[in-house]
Amino acid sequence: MSVTAAQGFRAAGITAGLKASQKPDLALVVNDGPEHTAAAVFTSNRVVGAPVLWSRQAVKDGAARAVVLNSGGANVCTGPGGFQDAHATAEKVADALGIGAIDVLVASTGLIGVRLAADKLLAGVPVAVGALSGDDAAGQAAATAVMTTDTVPKTAVRTVETPAGTYTVGGMAKGAGMLAPALATMLCVVTTDAVVPAQDADAALRAATRATFDRVDSDGAMSTSDTVVLMASGASGVPAEPQALTEAVTAVCADLARQLVADAEGASHDIAISVTNATTEDAALAVARAVSRSNLVKAAVFGNDPNWGRILSQVGTVPEEVAPFDPADLDVSINGVMVCRAGGAHEPPEKVDMAADRDVAITVDLHAGDAAVTLWTNDLTHAYVHENSAYSS
């Protein structure tokens with residue numbers, strides 16, 4: 001189940017002809033209410049697409065009734081004409097649904113710097129509206145239509161039991177590269193049939209993305225189009241307690257985030273980088289991100305080489321004012337084997353088995369406080385280089 005798992009939502013995924021492959025490329029998710037609460041977070045990249053500019057303004061009132069998403073073109077760096085295309089897309093969806101354009105969010109992914117085939121996109125909107133359904137197949141079709149280099153659609157669902165009844169949170173996401181977030185990463189739509197005030201929806205989404213998507217750093221390349229949307233229909237009639245809602249949205253986002261890592265372009269290992277005993281959570285995250293962005297570390301993991309010296313070297317790049325620690329206190333463990341203790345060699349690296357499983361666990365103990373963070377990344381492979389050199393998008 002996907003975005004249609006929650007009551008009050010319909011979805012569709014169709015082929016509008018934006019992709020040369022003629023694979024599905026246009027998705028639509030509609031909130032039929034009775035409530036139309038919405039929140040969204042976007043990339044912090046200063047270069048953003050026209051859909052981000054449109055949607056930032058459209059969601060400011062805490063409401064949205066539909067999200068239209070396309071693959072096959074990012075609509076970034078396309079000037080005033082590109083913004084007109086985003087606006088026209090929202091208008092076309094609004095006309096077909098009998099709602100206002102300001103209640104339609106727009107998201108696009110694909111090649112940067114090239115105008116969309118707007119005629120094909122706009123012609124596809126009525127087809128997508130006609131295909132709208134609340135069944136699981138429709139949700140899966142929408143998840144498929146936003147794929148670019150993804151090899152599989154990514155969906156997740158959680159249910160929450162309360163004294164007043166049960167509500168559902170569902171989601172879909174796309175992403176397999178350019179995964180280096182700031183508030184969000186990739187395109188994602190999360191839906192719930194709980195009764196949620198706009199302020200609570202915004203708080204839950206920001207807490208969830210901070211703990212999940214913001215801790216996926218596949219390749220250090222921040223997208224210009226990152227968008228994560230949460231919509232609440234209220235169709236279950238069950239009010240959501242803020243903490244429980246945050247936990248459910250976080251669980252869905254965490255599930256989707258792990259699926260992103262598992263589908264990362266060309267990867268052969270998924271790497272969990274845990275930093276423990278830091279002075280603050282931000283300090284731990286800074287250290288984890290430094291390790292995750294080292295091509296030397298990622299290449300070593302690809303080669304099943306537990307090269308802890310490369311890890312320690314990256315830890316040392318984090319300024320002291322950001323993450324205080326004593327280099328003589330640092331411990332590093334790989335897959336449970338402490339290969340570095342107190343800043344020096346400890347267990348023989350030969351004890352570390354990195355070839356038996358796709359998952360690799362790296363733990364860095366700073367011995368400086370009690371805060372901890374886990375960030376997910378992946379190895380650097382020949383396949384990643386080939387995939388990102390053999391085509392443009």
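What this report covers is the structure whose coordinates are included nearby.

Turning to the layout of surface pockets, a few remarks are in order. Size it by volume and the second largest pocket reaches roughly 160 Å³. Lining the second largest pocket are Ala38, Ala39, Ala40, Phe42, Arg56, Val59, Lys60, Gly62, Ala198, Asp202 and Arg206. In terms of residue class, the lining of the second largest pocket is built from 6 nonpolar, 1 polar and 4 charged.

Let us look at the pairing of strand β14 (residues 359–365). Direction of pairing for strand β10 (residues 270–278) relative to β14: parallel, over a ladder of 7 bridges. Within β14, the position partnered with Asp270 by the bridge is Asp359. In terms of strand pairing, strand β11 (residues 331–334) meets β14 through 4 bridges, oriented antiparallel. Paired with Asp331 across the strands is Asp365, a residue of β14.

Next up on the list: the pairing of strand β9 (residues 227–232). In terms of burial, β9 is largely enclosed, as 6 of its 6 residues are buried. As judged from the 6 bridges shared by strand β3 (residues 37–42) and β9, these two strands associate in the antiparallel manner. When the bridges of β9 are listed, Val41 appears paired with Val228. Direction of pairing for strand β8 (residues 187–192) relative to β9: parallel, over a ladder of 6 bridges. Bridging from a neighbouring strand, Val190 pairs with Leu230 of β9.

Further remarks concern the sheet that holds strand β2 (residues 26–31). A sheet is described by the order of its strands in space; here 4 strands give the open sequence β1-β2-β4-β5, paired in mixed fashion. What marks the edges here is a single partner per strand, and that holds for β1 (9–14) and β5 (104–108). Here the average twist between neighbouring strands, direction ignored, is 10°. Pairing of strand β4 (residues 66–70) with β5 involves 5 bridges; the strand directions are parallel. Bridging from a neighbouring strand, Val68 pairs with Val106 of β5. Along the sheet, helix α2 (residues 79–97) makes contact with β2, β4 and β5, crossing β5 at roughly 135°.

In this chain, Gly33 is followed by Pro34 through a cis amide linkage whose omega measures 25°. We note that Gln22 has phi near 65°; this positive angle belongs to a residue other than glycine. Counting through the fold element by element, Gln22 comes out in the loop between β1 and β2. The phi dihedral of Asn277 falls on the positive side, at around 55°, and the residue is not glycine. Residue class for Asn277 comes out partly exposed when judged on its relative accessible area of 28%.

Here we take up the nonpolar core. Ranked by internal contacts, the top residues of the largest apolar core, which has 50 residues, are Leu28, Val29, Leu69, Val104, Met172, Val189 and Met231. The biggest single contributor to this core is β2, with 5 residues. If we skip the residues at most four places from it in the chain, Met231 touches Phe9, Val29, Asn31, Thr37, Ala38, Ala64, Ala66, Val67, Val189, Val190, Thr191 and Thr192. Within the second largest apolar cluster, 35 residues are counted, among which are Ala283, Phe325, Val332 and Val364.

This part takes up the sheet that holds β9. The mixed open sheet is built from 5 strands, whose spatial order is β3-β9-β8-β7-β6. Two strands bound the open sheet, and with one partner strand each, they are β3 and β6 (154–162). Neighbouring strand axes in the sheet, compared pairwise and without regard to direction, differ in orientation by 10° on average. Each of β3 and β9 is contacted by helix α5 (residues 198–211), which is oriented at about 30° to β3, the strand it contacts most. Across the sheet, helix α6 (residues 242–262) is in contact with β6, β7 (165–174), β8 and β9; its angle to β6 comes to roughly 160°.

Thresholds, definitions, all that
- Residues numbered from 1 in each chain as written.
- Predicted model: local features only at pLDDT ≥ 70, side-chain atom pairs only at ≥ 80, totals over all residues.
- Heavy atoms only, no water.
- 1 Å grid on protein atoms, 1.4 Å probe; cavity = no way out; pocket = protein on both sides within 12 Å on 5 of 7 lines; lining within 4 Å.
- Points joined across faces, edges and corners; volume = space filled by probe spheres on them.
- Nonpolar A, V, L, I, M, F, W, Y, C, P; charged D, E, K, R; others polar.
- Pairing = 2+ DSSP bridges.
- Helix = DSSP H or I, 4+ residues; strand = E, 2+ residues; numbered from the N terminus.
- Buried < 20%, exposed > 50% of the residue type's maximum accessible area, 1.4 Å probe, protein only.
- Axes fitted to C-alpha atoms, helices over the stretch in contact; angles between N-to-C directions.
- Contact = heavy atoms within 4.5 Å.
- Core = buried A, V, L, I, M, F, W, Y, C linked by side-chain atoms within 4.5 Å.

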